Amino acid sequence: MREQGVFHLEEHGQTERSQWVLDSPNPPPLWKKLFSSVKETILPHGNKFCFSSKRKTINGHALSCLQNLFPIISWLRDYKVSKFKDDLLAGLTLASLCIPQSIGYATLAKVAPEYGLYTSVVPPLIYAMMGSSREIAIGPVAVVSMLLASLVPKVEDPVTNPNAYRNLVFTVTFFTGIFQTAFGVFRLGFLVDFLSHAALVGFMAGAAIIIGLQQLKGLLGLSHFTSKTDVVSVLASVYKSLHNQIAPGQKWNPLNFVLGCSFLIFILITRFIGRRNRKLFWLPAISPLLSVILSTLIVYLSRADKHGVNIIKHVKGGLNPSSLHQLQLHGPHVGQAAKIGLICSVIALTEAIAVGRSFASIKGYHLDGNKEMLSMGIMNIAGSLTSCYVATGSFSRTAVNFSAGCQTAVSNIVMAVTVFLSLELFTRLLYYTPVAILASIVLSALPGLIDLSEACYIWKVDKLDFLACIGAFLGVLFATVEIGLLVAVIISFAKILIQSIRPGIEVLGRVPRTEAFCDVTQYPMAISTPGIIVIRISSGSLCFANANFVRERILKWVSQDEDDLKETTKGRVQAVILDMTNLMNVDTSGILALEELHKRLLSRGVEVRPP
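Just so you know, these numbers come straight off a predicted model, no measurement behind them.

Draft legend 1. Focus on the confidence of the model for the protein. Model confidence for the protein is summarised by a mean pLDDT of 85, while 86% of its residues fall at 70 or above. Within the model, pLDDT remains below 50 along residues 561–566, and this stretch shows nine contacts once partners closer than five positions in the same chain are excluded.

Draft legend 2. Representation of the sheet that holds strand β4 (residues 517–519) within the structure. Spatially, five strands are ordered β4-β3-β5-β7-β9 in an open sheet, and the strand pairing comes out mixed. At either margin of the open sheet sits one strand with a lone partner, and together these are β4 and β9 (607–609). Sheet twist, expressed as the mean angle between neighbouring strand axes with direction ignored, is 35°. Together, β3 (504–510), β5 (532–538) and β7 (575–579) form the strand contacts of helix α23 (residues 547–558), whose direction differs from that of β3 by roughly 40°.

Draft legend 3. Examining empty space enclosed by the protein more closely. Counted according to the given criterion, the structure contains one cavity of 30 Å³ or more. Forming the boundary of the largest cavity are N68, L69, M130, K371, L374 and S375. Elements supplying a minimum of two residues to the lining of the largest cavity: α3 (55–69) and α16 (369–384). Broken down by element, the lining of the largest cavity gets its largest block of residues, three residues, from α16. Of the residues belonging to the lining of the largest cavity, the class tally is three nonpolar, two polar and one charged.

Draft legend 4. Highlighting the pairing of β7. Taking burial as the measure, the five residues of β7 include four buried ones, the bulk of the element. Sheet topology note: the β5/β7 ladder contains five bridges and is parallel. Its bridge partner being in β7, I532 is matched across the sheet by A575. In terms of strand pairing, β7 meets β9 through three bridges, oriented parallel. Residue pairing for β9: I577 is matched across the bridge by R609.

Draft legend 5. Summary view of the packing of helix α13 (residues 254–276) against helix α14 (residues 282–302). With their axes 9 Å apart at the nearest point, α13 and α14 run at an angle of 155° to one another. Taken together, the axes of α13 and α14 lie roughly antiparallel to each other. In this structure, the crossing between α13 and α14 has a hand that is right-handed. Together, L259, F263, F266, I267, T270, R271, I273 and G274 of α13 and L283, P284, S287, P288, L290, S291, L294, S295, I298 and V299 of α14 make up the contact between the two elements. The class makeup of the residues in the contact of α13 with α14 is twelve nonpolar, five polar and one charged.

Draft legend 6. Highlighting the environment of N320. Relative to the helices and strands, N320 resides in the loop between α14 and α15 (334–363). Expressed as a C-alpha distance, the spacing of N320 and V121, which sit 199 residues apart in the sequence, is 8.2 Å. Beyond its immediate stretch of four places on either side in the chain, N320 contacts Y118, V121, V122, T386, C388 and L423. Looking at N320, its side chain comes within polar contact range of the main-chain oxygen of Y118, at 3.1 Å. Within the structure, the side chain of N320 is placed 3.2 Å from the backbone oxygen of T386, a separation counted as a polar contact.

Draft legend 7. The state of the cysteines, seen in detail. With the rule as written, the count across this model stands at zero disulfides. Its sulfur unpaired, C456 is 9.7 Å from the next cysteine sulfur, which belongs to C469.

Draft legend 8. Inspection of the packing of aromatic side chains at higher detail. In this structure the tally under the stated criterion is nine aromatic pairs. Ring plane angle 70° and centroid distance 5.0 Å describe the contact between Y431 and Y432, whose orientation is recorded as edge-to-face. Exposure remark for Y431: the relative accessible area of 34% places this residue in the partly exposed category. Through a chain of ring-to-ring contacts, three or more aromatic side chains come together here, namely Y115, Y118 and F170. One Lys or Arg, R134, reaches over the ring of Y365 and ends 4.1 Å from the middle of that ring. Positioned over the ring face of W459 is K463, at 4.7 Å from the centre of the ring.

Rules and cut-offs
One numbering rule holds for all chains: residues counted from 1, following each sequence as written. Confidence filtering applies because this is a predicted model: local features only for residues at pLDDT of at least 70, side-chain atom pairs given and counted only at 80 or more, and all residues used for totals across whole chains, interfaces and linings. The basis for every side-chain value is the complete set of non-hydrogen atoms in the structure, without hydrogens or water. One confidence number per residue, pLDDT, is output by the predictor and ranges from 0 to 100. Contact criterion: two residues are considered in contact whenever any of their non-hydrogen atoms come within 4.5 Å of each other. Between any two strands, at least two bridges found by DSSP are needed for them to pair. Numbering of helices and strands runs from the N terminus; a helix is a DSSP stretch of H or I covering at least four residues, while a strand is a stretch of E covering at least two. As a rule, the C-alpha atoms of each element are fitted with a line to give its axis, helices using only the stretch in contact, and angles between N-to-C directions run from 0 to 180 degrees. Only protein atoms enter the 1 Å grid used here. Points where a 1.4 Å probe fits but cannot escape make up a cavity, open sets with protein on both sides within 12 Å along at least five of seven lines make up a pocket, and a residue lines them when an atom lies within 4 Å of a point. Grid points are joined across faces, edges and corners, and a volume is the space filled by probe spheres set on the points. Any residue that is not Ala, Val, Leu, Ile, Met, Phe, Trp, Tyr, Cys, Pro, Asp, Glu, Lys or Arg is counted as polar, Gly included; the first ten are nonpolar and the last four charged. Buried, partly exposed and exposed residues are distinguished by accessible area as a fraction of the type maximum, computed with a 1.4 Å probe on protein chains only: under 20%, between the cut-offs, and over 50%, respectively. For classification purposes, angles smaller than 35 degrees are called roughly parallel, those larger than 145 roughly antiparallel, those between 65 and 115 roughly perpendicular, and all remaining angles oblique. Here a crossing is taken to be left-handed if its near helix is turned anticlockwise relative to the far helix by less than a right angle, and right-handed if that turn runs clockwise. Polar contact is defined as a pair of N or O atoms within 3.5 Å, subject to the rule that within protein one atom must be able to donate a hydrogen and the other to accept it, and that residues adjacent in sequence are counted only when both atoms are side-chain atoms. Defined by distance alone, a disulfide is two cysteine sulfur atoms within 2.5 Å. Classification of ring pairs rests on two measures: the distance between centres of Phe, Tyr or Trp rings, Trp counted by its six-membered ring, which must be within 6.5 Å, and the angle between planes, read as stacked under 30 degrees, edge-to-face over 60 and tilted in between. The criterion is that NZ of a Lys, or CZ of an Arg, lies within 6 Å of the ring centre and within 35 degrees of the ring normal, and then a charge sits over that ring.

Encoded structure:
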């Protein structure tokens, strides 16, 4: 009786399982997937709120939710005085580098210098509360500043209408934050991956050269310069300036060049010393600030501004003013602002996540990309409302923060407070700061954006990846930023299409004295059974794009049209073994191609077998 009961249970289980297979449940609707994605982002590990009668349970879930959104709540409990000493030193060192760089990057973005300092106050404070990286330093960066300077002037001219240009920059920053927040909430980080690593290497190198050429305006003391970013237009403008082919008031001044180059050499020497001696890491960090102080004193004492040295003049101080009413969300340029915001969001996220993950791997902890996108998005939305432009993680300042021994994100808070105090107390002292010094500070940060060794490595590993790299580089250099990015993305997509349409199809043989089957072209010593071909389809999908190619390729091999296969099969083919363990998806076109392949092989007397 007991055996009969067990038999009936097994039979019932088999019937129920077969019913599940034949009548499978419908997949969850789209709204439920989106809700689940948002829940996993906001709630830790997808926890659900259980509204029980116990208040402790609800409070515990609320605290977990807050800790997930604001990681500072969890690690601040164990914060010690010893950590604060390290963070204080790192934050002060970071501020000494951040202040001159922020002013220089604001000039690069074609906005007033104070907006670069504003961007180094609010976004770092918000990131310190919401970000998960301990080392990343937040603020304006060269590449994003160059993006704004090259894309926004096509909509509003910063010279003839500076207020409209500034308002459009705030609007672009708002849309950048919106896109970054959406990427994080709905887990759309894969969109950032469309800009491959190789394309990013080429884009950064091209952008570095363009940024360097743009700094020739400040380094040569030119009052008028081309608004275009391609290398031909910039070099033509410099040539006209040097050969006096422009108006007398627009000629270059050698005093600016001498002053800028002198302090550029000083900054590069201090960087060389800091790399040779790790204990002197603070020297290259404070050298930009020392350059600003010394050059300002030189200009003030010598009255060099009366002899043609360009100075930045008035820098507005005080707390970040509100820019809520300056956002252009109902004007004619909303669509263009959103497009520029999308480009800036992708570039800023790619740079920040790459920087954060590289230093997190050194410290041995994981960085959640979706949480980083969420925190970056919210900080840029808040920044757009407080007179900031697009902020992200800076590689050079993060390296300084790491070398200074930062322990937590408190170093960002110390840096932001120091910049705020500078805005309150010291902005009047920047009146006589020469523009050439800001150009030299920006130029000193550019070598880190050009990675020749990585480009050589990409060439050795994958020629198509190198093509995307060089395409992005040449597009940025000789056309525009948009064209450079477009070329890189098109080449990357073309690579994916080529790999999908022409998947790897390998003839396998058994490696001697093993049970492993490998590609006979890669392992010539592999042994094949006479009359039998073992074929592996090295593709994750057999679909309409590659099904015909796979079928014709196998039929050609069976027909022994290729000379190298005649030696492998040693005679007439009697059986074909298809190894499709790599296939994850087969559509209707793939099924039809396999059925037709099976029929045509059977008509030739060739059996088809699985491995």
